[in-house]
Amino acid sequence: RIQELLEKHPSLKETGPATDNVLKGLPYGFASHHAGLVPMLRHFIEVLFQANLVKAVFATETLAAGINMPARTTVISSLSKRTDVGHRSLTVSEFTQMTGRAGRRGMDSEGFCVVVGSMYETPFLVLDILESDMDPIASHFSLSYNMVLNLLRYAERKEVREILQRSFGQYLGNKETINLNLELERKRLDLNQIENSPQAKSHSRYLRSQIRGLSKQMKTHRELYLKEFDALTRVLQYFGRIKPDGKRWNLTPLGEMTAHIRAQNDLLISLVLESVGYEQFTPVEIAAILSCLVYEPRRNAEPDMSPCSKKLRQFFREMLFIADDVRFVQNNEKVNLEVSVEFGFAPLVMLWGGGARWLTLFKFTDMSDGDIVRCMRQLIDLVRQVAMLPTLPEDFRKKVGEALPLLDRDLIRLVG
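Keep in mind that this is a model prediction, so the values were computed, not measured.

Caption draft 1: Examining the environment of Leu 79 more closely. Relative to the helices and strands, Leu 79 resides in the loop between strand E3 (73–76) and strand E4 (80–83). Leu 79 sits in the buried class, given a relative accessible area of 2%. A sequence separation of 10 residues divides Leu 79 from Ser 89, and the C-alpha atoms of the two residues are 5.8 Å apart. Sequence-distant contacts of Leu 79, defined by excluding residues within four places in its chain, comprise Arg 88, Ser 89, Leu 90, Phe 95, Val 115, Glu 121, Leu 125, Val 126 and Ile 129.

Have a look at this one:
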């Protein structure tokens, strides 16, 4: 199986030491599984594990999340995990997900989980997690320019209000409103009881102040998303994406384009596409421009921009001015959506799109193999979107599409 894989994908021999370690360990029946490996190799390990050819896998949470990986025993080496803001304990849900890998369906009547103890993590900490309630469900619903434009395309403002009020996030906000209302009634009752007492003047003022504060909080929760929706609408109007028409907002051609972009920087992406003189750039250079709008670096590092032409680097500077414009307008409207431009992945796009070997990329980055694949897949998704955007000139869309086969090759291609 290993030999077949390497013959089919010889570039695997050019990946980093993490891949070498996996390929050395596999014949002995053990492997590692983490985000630093290319997806092709992770998938290969999963297939071997399911076929019972791999007996032990040392894994991060990548193996615990939603994949049917049959194991008789799960070993949790630590009850804490490192995050971007330091270490924290595992949540009940994370612990349950990991232990849930133990016990092979249809093969084992029971599964086992071993938690490795230390002087900092005692059995009592495990008991605390086991006996705790499940983590509360939280809403991840958030408004974006894309969502606002698509709501405005089909609904009047009154209908949009009803849609937003039905969201799960608003439901949670309404629950909080009920709690605030109960607290408000208690404060009013306390105020009525002491209002006629001359000795309680200062306490009466304090209660009135609390009642005013609770009333403001209730109003905020009732309009959890409506204020944000109105603010985003004003930003879109400023940048010419919508125009008023009676009770409705009509999408302009630029608004139609923005409404079809599904990415975090949706408005900024559309503004860059509006500004770029696509005739002067090659398909791969346009892809490099787009990479600056989806790349999220894991660490701060000064990239080597030499693979990018002078003309391309000049446009990168123009992109910074466009991003500043968006931030300025958003700040005025108190919109907190992130606006980011990162150039660190563009040199790799130029190299890979120009036919470079996998090994060459690491002369220009300290990223892991898996991170390069992940970022390139995100870029390819955006390139595909742009190649199909309505209102963009056909020549522009065609040119963007020509970058796809240049980027989506070799180790970057999805498995299966």
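Caption draft 2: Examining helix H15 (residues 346–353) more closely. The buried fraction of H15 is high, at 8 of 8 residues. Of all the positions in H15, only Ala 346, Pro 347, Leu 348, Val 349, Met 350, Leu 351, Trp 352 and Gly 353 are classed as buried. Contacts from the buried residues of H15 go to helix H13 (283–291), helix H14 (310–332), helix H16 (358–361), helix H17 (369–387) and helix H19 (404–407). One or two steps after H15, the chain reaches Gly 355, where phi turns positive at roughly 95 degrees.

Caption draft 3: Main features of the pairing of strand E8 (residues 248–251). Where strand E7 (residues 242–245) lies against E8, 4 bridges are found, and the strand directions are antiparallel. Following the sheet pairing, Ile 242 is matched in E8 by Leu 251. Following E7, the chain reverses through 2 residues before pairing antiparallel with E8; Gly 246 in that reversal takes a positive phi of roughly 65 degrees.

Caption draft 4: Inspection of the confidence of the model for the protein at higher detail. Looking at the protein, pLDDT values average 84 and 83% of them are 70 or higher. Across residues 168–174, where pLDDT falls below 50, the model places 18 contacts with residues more than four positions away in sequence or in other chains.

Caption draft 5: Spatial organisation of a nonpolar patch on the surface. A contiguous nonpolar surface patch, about 420 Å² in accessible area, is contributed by Tyr 28, Phe 30 and Phe 58. A relative accessible area of 68% places Tyr 28 in the exposed class.

Caption draft 6: View of the packing of H13 against H15. Interaxial distance between H13 and H15 falls to 8 Å at its minimum, and their mutual angle equals 155 degrees. On the basis of the axis angle, H13 is roughly antiparallel to H15. The handedness of the crossing between H13 and H15 comes out as right-handed. Along the contact surface, H13 presents Val 284, Glu 285, Ala 287, Ala 288 and Ser 291, while H15 presents Ala 346, Val 349, Met 350 and Gly 353. The class makeup of the residues in the contact of H13 with H15 is 6 nonpolar, 2 polar and 1 charged.

Caption draft 7: Molecular detail of the pairing of strand E1 (residues 30–33). Across the two faces of E1 the burial differs, with Ala 31 and His 33 buried and Phe 30 and Ser 32 not buried at all. Both E1 and strand E2 (residues 56–59) contribute to a ladder of 4 bridges, which runs parallel. Its bridge partner lying in E2, His 33 is registered against Ala 59. Between E1 and its parallel partner E2, the chain crosses via helix H3 (residues 39–50), and the hand of that crossover is right-handed.

Caption draft 8: Spotlight on the environment of Arg 1. Locating Arg 1 in the fold gives a position in the segment before helix H1 (2–8). In this structure, the C-alpha to C-alpha distance between Arg 1 and Leu 48, residues 47 residues apart in sequence, is 8.7 Å. Discounting residues that sit within four places of it in the chain, Arg 1 has contacts with Phe 44, Val 47, Leu 48 and Leu 53.

Here is what the cut-offs are and how they apply
- Residues numbered from 1 in each chain as written.
- Predicted model: local features only at pLDDT ≥ 70, side-chain atom pairs only at ≥ 80, totals over all residues.
- Heavy atoms only, no water.
- Helix = DSSP H or I, 4+ residues; strand = E, 2+ residues; numbered from the N terminus.
- Buried < 20%, exposed > 50% of the residue type's maximum accessible area, 1.4 Å probe, protein only.
- Contact = heavy atoms within 4.5 Å.
- Pairing = 2+ DSSP bridges.
- pLDDT = per-residue confidence, 0-100.
- Patch = residues over 30% accessible without salt bridge, like charges linked within 9 Å, V, L, I, M, F, W, Y side chains within 5 Å.
- Areas by Shrake-Rupley, 256 points an atom, 1.4 Å probe, with all protein chains shown as cover.
- Salt bridge = Lys/Arg side-chain N within 4 Å of Asp/Glu carboxyl O.
- Axes fitted to C-alpha atoms, helices over the stretch in contact; angles between N-to-C directions.
- Parallel < 35°, antiparallel > 145°, perpendicular 65-115°, else oblique.
- Left-handed = near helix turned anticlockwise from the far one by under 90°.
- Nonpolar A, V, L, I, M, F, W, Y, C, P; charged D, E, K, R; others polar.
- Right-handed = clockwise from strand over helix to strand, strands pointing away.

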